[in-house]
Amino acid sequence: MYGLLESVPNFSEGRDRTILEAIRAAMANAGARVLDIHSDEDHNRSVFTVVADPDGLVEALAAGIAVAVGRIDLREHEGVHPRVGAADVVPIVRFAPDDDRPERAARLLGRRIALLGVPVVPYGALADGTRPASYRQGGIERLTERMNAGEVTPLFGPASPHPSAGVVLLGVRSPLVALNVDLESDDVELARSIAAQVRERDGGLPGVQALGLRTSKGAQVSTNLIDIDATPLHVLVSEIERLASEAGAGIRGSELVGLMPARAAAQAAGSALRLPGMSADRTLEVATAGEFGTQV
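Predicted model, so just to flag it, every value in this text is computed and none were measured. Counting starts from 1 at the beginning of each chain's written sequence and moves along it residue by residue. It should be noted that, the model being predicted, local features are given only for residues of pLDDT at least 70 and side-chain atom pairs only at 80 or more, the latter also being counted only at that level, while totals for whole chains, interfaces and linings use all residues. Water and hydrogen atoms were dropped before computing side-chain values, which therefore reflect all heavy atoms in the structure.

K.L.:
Can you break down the pattern of salt bridges residue by residue, with the values?
P.N.:
Opposite charge on two side chains permits them to pair, given that their charged atoms come into close proximity. Salt bridge criterion: a side-chain nitrogen from Lys or Arg within 4 Å of a carboxyl oxygen from Asp or Glu. Considering all chains together, one arrives at 18 salt bridges under this definition. Put simply, Glu-145 and Arg-142 hold a salt bridge, and the shortest N to O gap is 3.1 Å. Residue Glu-145 and its partner Arg-142 are both found in helix 5 (residues 139-148); the two are separated by three residues, about one turn of the helix. The residue Arg-242 makes a salt bridge to Glu-246 at a minimum N-O spacing of 2.5 Å. Here Glu-246 and Arg-242 lie together in helix 7 (residues 233-246), a separation of four residues that amounts to about one turn. Take Arg-242: its relative accessible area is 38%, and that puts it in the partly exposed class. Using a 1.4 Å probe on the protein chains alone, a residue whose accessible area is under 20% of its type maximum counts as buried, one over 50% counts as exposed, and one in between counts as partly exposed. Here Glu-246 falls in the exposed class, since its relative accessible area comes to 58%. Labels follow the DSSP assignment, with helices taken as runs of H or I lasting at least four residues and strands as runs of E lasting at least two, numbered in each case from the N terminus.

In structure tokens:
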């Protein structure tokens, strides 16, 4: 990454292209490189992948979040994905355990967000490992009650959610893989059952978060693999496929949300190709990164 930091902000808008372009332009004009934008109309959510030097990343994220706060109104928002903010989740990714730059950047960003009148609620390494899902249960209404009761205290900003923009969940976390798996079924209860069986919280696979949702394509198991070493991606997909098969359903396909770490892709490829120990540096682009002006 050549000294760059990565962030993967999630915005509660997946349908209005003019708003998404305004967010993209704001971040790009502030100096960030926007690597990917994944939008989903059913979720009504978009996930941006951006990189920049630490100072540039703070400026870019502050600019993008300002657009979201000004143009996304949660009171009018509809989508199957849980959310508590216009700029719902803003993680800064830490690739090395001893790298303190992500946390320093996050705290600088938090102060900038507070100037918009939006509370900054910490998660991940900023909050002893607390996950965003713990704040989303019950939606913005329940979170408002918890904040007013003093159960949830913002890291920066006002004590109660912004009327239209809610809160920003700001965190520092390790790389993860977000994957939506579409079932060959319209049975959302089946998707919810599978999600419960694979997610770590309910005794499933380590490092797996999952929800069962209904989309325009049918039932979906929406997952976050937050520990790609504890449960390889192909193991997660195989388990979802097994559980669906037991219920007489199959998998229609899957959808990668954003980008994935190269080693996660290499592990999956190694399994499919029967190449045990397949690593990312066995791919041409990774092995030659920097040799021909390319970056990983």
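Next comes the rest of the account.
K.L.:
Could you give an account of the pairing of strand 10 (residues 218-225), naming the residues involved and the relevant values?
P.N.:
Of all eight residues in strand 10, seven are buried; the element is thus mostly enclosed. Both strand 8 (residues 177-183) and strand 10 contribute to a ladder of six bridges, which runs antiparallel. Bridge pairing in strand 10 links Asn-180 to Ser-222. Strands are treated as partners if at least two bridges between them are detected by DSSP. Bridging between strand 9 (residues 208-215) and strand 10 involves eight bridges; their strand directions are antiparallel. Opposite Leu-211, over in strand 10, you have Ser-222 as the bridge partner.

K.L.:
I'd love a proper account of the layout of surface pockets, names of residues and values included.
P.N.:
As a volume, the second largest pocket reaches approximately 190 Å³. A 1.4 Å probe that fits but cannot get out identifies a cavity on a 1 Å grid over protein atoms alone, an open set with protein on both sides within 12 Å along at least five of seven lines counts as a pocket, and a residue lines either if it has an atom within 4 Å of a point. As for the second largest pocket, its lining consists of Leu-74, Arg-75, Arg-83, Ile-140, Glu-141, Thr-144, Pro-161, His-162, Pro-163, Ser-164 and Gly-166. Class assignment of the residues belonging to the lining of the second largest pocket gives a composition of four nonpolar, four polar and three charged. Grid points are joined across faces, edges and corners, and a volume is the space filled by probe spheres set on the points. Basically, the charged four are Asp, Glu, Lys and Arg, the nonpolar ten are Ala, Val, Leu, Ile, Met, Phe, Trp, Tyr, Cys and Pro, and anything else, Gly included, counts as polar.

K.L.:
Please set out helix 7 residue by residue, giving values where relevant.
P.N.:
Relative to the 20 Å expected for 14 residues at 1.5 Å per residue, helix 7 spans 20 Å between its end C-alpha atoms, a close match to the ideal helical length. Inspection of helix 7 places Leu-233, Leu-236, Ile-240, Leu-243 and Ala-244 among the buried residues, and these make up the whole buried set. All buried residues of helix 7 project into a common sector of 100° when viewed along the axis, lining one side. Exposed and oriented more than 90 degrees from the buried face of helix 7 are Ser-245 and Glu-246. Only heavy atoms matter for contacts: two residues are in contact if any of them lie within 4.5 Å across the pair. Those residues of helix 7 that are buried are in contact with strand 8, helix 6 (188-198), strand 9, strand 10 and strand 11 (251-257). Expected helix span is given by 1.5 Å per residue-to-residue step, counting one fewer step than there are residues. Starting at the helix axis, one direction is taken to each C-beta atom, and the arc is that of these directions.

K.L.:
An account of the sheet that holds strand 10 is needed here, citing residue identities and associated values.
P.N.:
Strands sit in the order 9-10-8-11 across an open sheet of four strands; the sheet is antiparallel. A single partner strand is all that each edge strand has here, and the edge strands are strand 9 and strand 11. The mean angle between the axes of side-by-side strands here comes to 20°, regardless of whether they run parallel or antiparallel. Angles shown run from 0 to 180 degrees and are taken between the N-to-C directions of axes, each axis being a line fitted to C-alpha atoms and, for helices, limited to the stretch in contact. Its contacts with the sheet place helix 7 against strand 8, strand 9, strand 10 and strand 11, and it is angled at close to 20° to strand 8.

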